[in-house]
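Descriptive structure summary
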Amino acid sequence: MQRVSICARIILSRPLHNLPFQQQSLEQDLHLFSQEGRLKDAIRILQRENSPKIRVHPETYLRLIRSCIKFKAFKEGREIHKHMVENGFQPDVTLRNHLITLYYKSGEQSFAHELFDKMGERNLFSWTAIIGGCMNVGESTQAFEFYEKMIFTGLRADRFLYPLILKSCGKMRDSRKGRRIHVNVIKSGFQWDVVVMNSLVDMYSKCECMVDAEKVFCEMDFRDSFTWTTMLVGYVQACYSEDALDFFRRMMNVEVRPCSAIFAGILPIFSHSGSLDLAKQIHGLIAVSGFESDKFVGSGLVDMYTNCGGLGYGHLIFERVKERDTACWNAMIKGYSQVGLFDEAIKLLIQMHDNQVNPNKATWECLMAAVVQSGSIDNILGITKRLESGGVRPNYLSISSLLQMCESPDVVQYVKELQQYLGKEGYLSDKTMISLFLNFYLKFADFEAALDIFNSIEEKELGDWNSMISSYANYSQANNALELFDSMRKDGIEPDILSWNSVIDGLVRNYDFKGAMEIFEEMKWSKQRPDSTSFEIILPVLASLTSLRTGKELHNIFLRHGYKMNHYISTALMNMYGNCGDTHYAAKIFNSMNSKDIVSWNTLITVLAKNGFLDEALKTFKNMEMEGEKANIITWTSLISAHVQNGQVDESFKYFRQLQSHGLKPNSITIACILSACALSATLSHGKAIHGYSIRSMATYNDFFLVNSLMDMFIKCGSFTYAERIFRTHTHRDIITWNTMITGYSIHGKSHSSLALFNEMLNEAILPDSVTFVGVLSACSHAGLIDEGWKQFNSMSSVYGIVPTGKHYACMVDLLGRAGHFENARNFIIQMPLQPTASLWGALLSSAKTYGNVEMAEYAARHLLELQPDDPGNYVILSNIYASQERWNDVDRLRNMMLDYGVKKQPGCSWIEVRNRVHAFTVENPSHPYMEEISKTLHDLVTAMWEEGYLLDTPTDWFI
């Protein structure tokens, strides 16, 4: 050693000039340095300043890299590799193989892969090196992929590579791949190799294929202790306790001398049994065999006794074990913790620290789990201080174990006390410790505490930003997530895919689909590209899109990225195309699906039905039944809803009865749909029956949607008292509940009650929305409350931040028109920022009709006919106004316009429900069993009105 040191000093002190002798001496010294692991000295020679380029022999480089691997001098290994590159040295395949091993062992897998990919020539050792490296870092799947690539090159595994591949199969729990390797082992003739066969037994055991493992075991001509141990541990890990004990007895009968690994493997069986007697028996056998003091067996004995109620015996064994490792200490600490002896557990932990054995994660989990479960969490600060006084300082492992065990929000206050103490004592200077508390507070949505922690971090990393953003998003605080996302980018932190996905997810959770699409579009043009998670998040948005162009763009992006179509994606695309009115493409996607489930069938039926293709929807429904797919409640609800939306009330009632006959129970959505049918046809008796059904099924009490539908039905059927009763009965109300009643009062002419209810809603701190003000303004209009109407209209934007829509402007025009303020109405229309809607012009036309204002009527009708040239009602109203002024030429002109445009007045229809039967009357079909009596009664009523001096206030309809 002294000779080498002197030699090294000479080499380092003399200049390296251009003598061959110096080159030979250099190689010898580098060889010596590599043998002794003095790699820093070797690098000093290689990198000596002002020296000419040193040409090192390939064998010397190989020895140096091997030495770096042996002595784990990974930094020095990188320097030596750098020297090779700078000097233009091209390593041969053997040296490259060792470099791959070096980089894998140093944790730099990307460099190892880069070296492997650049290799022009690879031998079996090259593949073994890359596969072994993958296994060392736990990448079992990737290891097997490399093996498959190797097979395609024509190479075959050897007795060194097969164990690695079989280990990867065991890690993946993939017995199918393992059996393929088993076949290759047999073909390669390695049945004689005990190491390969042991690996096969181990693989089958880890895959819980114990029958196959035992078959391999029985076929082996030679078995070593590892073979027996592997089989035994396999039975134990598969929870085959009886088989494990039988195998253990069988092993003892064939006079196989048990080793420490065999006893350590069988002890968990006795530990789980909980039997102190059995524990003593196996202990006796171990004592006779001389393994009682072995650290592995001793740890198992301690754990066994603590689980079998023999803590005292466990302590005796613990004291006898030589070279106690962490597992042995953990077993004893766990034993004390389990029975609530925290003082002894803490003393043992301090003693463990004094013995220079570092507690690991399992140590802290044993102690902290007991602290939390026993309710001692309120004294966690005292426990921390006690450990600290014994020399056990709080660290990442101890704090992370504690916070992981805390599952109740009740412990947050105690954690805050601990955090304050740790911060005061300087323990939170470590960034990882701060992150622990940040994630803990976010877990319990304590954003105030989390934000304090977050703001205290001087140099925030991407992970810190992502934690805050994703937590805000998960708890539907999309605005906060978006604000933080923007702040992160302003601070120069480039968002990764998790950042983008979190913000989009938060917006989707808040149903802000427009905002989600804007961020998604922005992400497409950034450095980050959408991944599979991005598309999973955006799918709900896709299903709700009404823009065909945007939908197709998303569809194309999805296809370009090569993502596979599954049922979830296909149904989302079908919904999107259905919303955009492209039922043809929706059906095309449906037909392209390899297998169709009830969801896909329901989606197509719904798409067809809501686009008005009822016949095609019913045909699809029948095809579904022919395919053997049974309709569920969603299927029937879709059919009922479609018929209601298309005005086919009788058909909707028919399907409602059919679904019940099929043994299905209507849900709240189904009932709401059929209530809409009752409201549309004003069949109060049906509505009452549905109400009774919902009460019997207890469906109304907590379902806002159903309660609101019931109220709407009763209001539209004219039974306002029932609607009021439901409203007052249900104290839990949402904004739709209030809106329904406010609008209902207005419809029924109770404008002052409508406004009073609006004030009551405000007093209960319920914020109005856009729909609320439509009802309020309508009430003001019906009651002629012009000042109140202006007040409420102006408060929309100034007080509540609601931008008025076309409906609100139409209400204001109706308010001014009903009061006869036509010039104000005209000026209001001219100054409004929106394009006037048909409903606005219709309101003005109706008011002009009421006041006989022909000029304003013509002004309104001119714009109305431009927007709705096919609506006969507009022509009829204007014609009646002309007729009331005896302007017959204008009446004829309107009639000719209708003929030219092919507009035909639809016959009026009225109906009444008598004794659960609806009686309908139309002009085109006046036939009715009681028509003669009805006509006579009507004539008598008109006569009586004339005799009483009443004048008919019904204008002549000149189109009938």
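What you see is a predicted model; the values in this text were computed from it and never measured.

The next point concerns the overall build of the protein. A count of helical and extended segments in the protein gives 54 helices and two strands. On C-alpha atoms alone, the protein measures out to a radius of gyration of 42 Å, which is more than a quarter above the 30 Å that the 2.2 N^0.38 rule sets for 960 residues. Reported as C-alpha extents along the three principal axes, the dimensions of the protein are approximately 140 × 80 × 65 Å. Out of the 960 residues in the protein, the part that is buried amounts to 46%.

A few words on empty space enclosed by the protein. The final tally for this structure, using the stated rule, is two cavities of 30 Å³ or more. The computed volume of the largest cavity comes to approximately 70 Å³. Along its surface, the largest cavity is lined by Trp364, Met368, Thr384, Leu387, Val392, Arg393, Pro394, Ser398, Ile399, Leu402 and Leu418. The dominant element in the lining of the largest cavity, judged by the number of residues it contributes, is helix α24 (residues 396–405), at three residues. Broken down by class, the residue content of the lining of the largest cavity amounts to eight nonpolar, two polar and one charged. In this structure, the second largest cavity occupies an estimated 60 Å³ of space. Taken together, Phe535, Ile538, Leu539, Leu542, Leu554, His555, Phe558, Ile569 and Leu573 make up the lining of the second largest cavity. Those elements that place two or more of their residues in the lining of the second largest cavity are α32 (532–544), α33 (548–560) and α34 (567–579). Here the lining of the second largest cavity is composed, by residue class, of eight nonpolar, one polar and no charged.

Let us now look at the side chain of Thr620. Note that Thr620 resides in helix α37 (residues 614–626). On the basis of relative accessible area, Thr620 is assigned to the buried category, the value being 9%. With near-sequence residues (within four places) excluded, Thr620 lies in contact with Trp601, Leu604, Ile605 and Leu608.

Here the structure, examined in full by the defined rule, presents 38 aromatic pairs. Arranged with centres 5.8 Å apart and planes meeting at 50°, the rings of Phe263 and Phe291 form a pair that is tilted. Linking Phe263 in helix α16 (residues 260–273) with Phe291 in the loop between α17 (276–289) and α18 (295–307), this pair joins segments that are 28 residues apart in sequence. Comparing Phe263 with Phe291, the two get one shared label, buried. In textbook terms, an aromatic cluster arises when at least three aromatic residues are bridged by ring pairs, as seen for Phe217, Trp228, Tyr235 and Phe247. Its guanidinium or amino end placed over the ring of Phe217, Arg223 lies 4.4 Å from that ring's centre, counting from NZ or CZ. Sitting above the plane of the Tyr655 ring, Lys654 keeps its charged end 4.9 Å from the centroid.

Our focus in this paragraph is the packing of helix α12 (residues 194–206) against helix α14 (residues 225–237). Think of two packed helices as two axes; the pair is described by the angle between the axes and how far apart they sit. Where α12 meets α14, the closest approach of the two axes is 9 Å, and the angle between their N-to-C directions is 5°. With respect to α14, the axis of α12 lies roughly parallel. Where α12 abuts α14, its residues Val194, Asn198, Val201, Asp202 and Ser205 lie against Phe226, Thr227, Thr230, Met231 and Gly234. Looking at side-chain class alone, the contact of α12 with α14 contains four nonpolar, five polar and one charged residues.

It is at 10 Å that the axes of helix α8 (residues 124–136) and helix α10 (residues 161–172) come closest, and there the two elements cross at 30°. Here α10 runs roughly parallel to α8, going by the angle between their axes. The handedness of the crossing between α8 and α10 comes out as left-handed. Side by side, α8 and α10 meet where Leu124, Thr128, Ile131, Gly132 and Met135 of the first sit next to Leu161, Leu164, Ile165, Lys167, Ser168 and Lys171 of the second. Its residues placed into classes, the contact of α8 with α10 shows six nonpolar, three polar and two charged.

Let's shift gears to helix α47 (residues 786–798). If you check α47, its first and last C-alpha atoms are 19 Å apart, about what 13 residues at 1.5 Å a residue would give, namely 18 Å. Where α47 is concerned, the buried positions are Ile786, Gly789, Gln792, Phe793, Ser795 and Met796. In this structure, the buried side of α47 is in contact with α45 (751–763), α46 (770–783), α48 (806–818) and α49 (822–831).

The next thing to look at is unusual backbone geometry. Of note in the backbone geometry, Lys72 takes a positive phi value of approximately 55° without being a glycine. Inspection of the secondary structure assignment puts Lys72 in the loop between α4 (58–70) and α5 (74–86). Positive phi, close to 50°, is recorded for Glu323, a residue that is not glycine. Within the element layout of this structure, Glu323 appears in the loop between α19 (311–320) and α20 (326–338).

This part is about the pattern of salt bridges. Any two side chains of opposite charge can pair, so long as their charged atoms come close to each other. Taken as a whole and judged by the stated rule, the model has 29 salt bridges. We note a salt bridge from Arg44 to Asp41, for which the minimum N-O separation is 3.8 Å. Of the two residues, Arg44 and Asp41 are both situated in helix α3 (residues 39–46); the distance of three residues between them amounts to about one turn of the helix. Given a relative accessible area of 17%, Asp41 falls into the buried group. Between Lys361 and Glu365 there is a salt bridge; the shortest N-O distance is 3.8 Å. Separated by four residues within a single helix, Lys361 and Glu365 lie in helix α22 (residues 361–373), roughly one turn from each other.

What follows deals with the state of the cysteines. In the structure shown here, the tally under the stated rule is zero disulfides. In this structure Cys169 is not part of a disulfide, and its nearest cysteine sulfur, from Cys207, lies 7.1 Å away.

Take helix α23 (residues 380–389) next. The complete set of buried residues in α23 reads Ile380, Leu381, Ile383, Thr384 and Leu387. Projected onto a plane normal to the axis of α23, the buried residues spread over an arc of 160° and lie on a single side. Positive backbone phi, at 95°, marks Gly391, one or two positions downstream of α23.

Cut-offs applied
- Within every chain, residues take consecutive numbers counted from 1 along the sequence as written.
- Restriction of local features to residues with pLDDT of at least 70 applies here, the model being predicted, together with a cutoff of 80 or more for giving and counting side-chain atom pairs; totals for whole chains, interfaces and linings are based on all residues.
- As a rule here, side-chain values come from all non-hydrogen atoms in the structure, and water together with hydrogens is ignored.
- Helical segments are the DSSP runs of H or I of at least four residues, strand segments are the runs of E of at least two, and each set is numbered from the N terminus.
- The globule rule used for comparison is 2.2 Å times the number of residues to the exponent 0.38, while the radius of gyration itself is calculated over C-alpha atoms.
- Working definition: with a 1.4 Å probe on protein chains only, accessible area under 20% of the residue-type maximum means buried, over 50% means exposed, and in between means partly exposed.
- Grid points spaced at 1 Å and placed over the protein atoms alone form the basis of the search, with a cavity being a set where a 1.4 Å probe fits but cannot get out and a pocket an open set showing protein on both sides within 12 Å along at least five of seven lines. Lining residues have an atom within 4 Å of a point.
- Grid points are joined across faces, edges and corners, and a volume is the space filled by probe spheres set on the points.
- Classification convention: Asp, Glu, Lys, Arg as charged; Ala, Val, Leu, Ile, Met, Phe, Trp, Tyr, Cys, Pro as nonpolar; all other residues, Gly among them, as polar.
- Note on contacts: a residue pair is in contact if any heavy atoms of the two residues lie within 4.5 Å.
- Two aromatic rings, drawn from Phe, Tyr or Trp (for Trp, its six-membered ring), form a pair once their centres lie within 6.5 Å of each other, and the interplanar angle then sorts them: stacked below 30 degrees, edge-to-face above 60, tilted otherwise.
- Charge over a ring is defined by NZ of Lys or CZ of Arg lying within 6 Å of the ring centre and within 35 degrees of the ring normal.
- Where helices are involved, their axes are fitted lines through C-alpha atoms of the stretch in contact, as for all axes, and angles between N-to-C directions lie from 0 to 180°.
- Note that the term roughly parallel is reserved for angles under 35 degrees, roughly antiparallel for angles over 145, roughly perpendicular for angles of 65 to 115, and oblique for everything else.
- Handedness of each helix crossing follows the sense of rotation of the near helix against the far helix: counterclockwise by less than a right angle gives left-handed, clockwise gives right-handed.
- Take the number of residues in a helix, subtract one, and multiply by 1.5 Å to get its expected span.
- Take a side-chain nitrogen of Lys or Arg and a carboxyl oxygen of Asp or Glu: if they are within 4 Å of each other, that pair is a salt bridge.
- Disulfide: a pair of cysteine sulfur atoms within 2.5 Å of each other.
- The directions considered for the arc run from the helix axis to the C-beta atoms.

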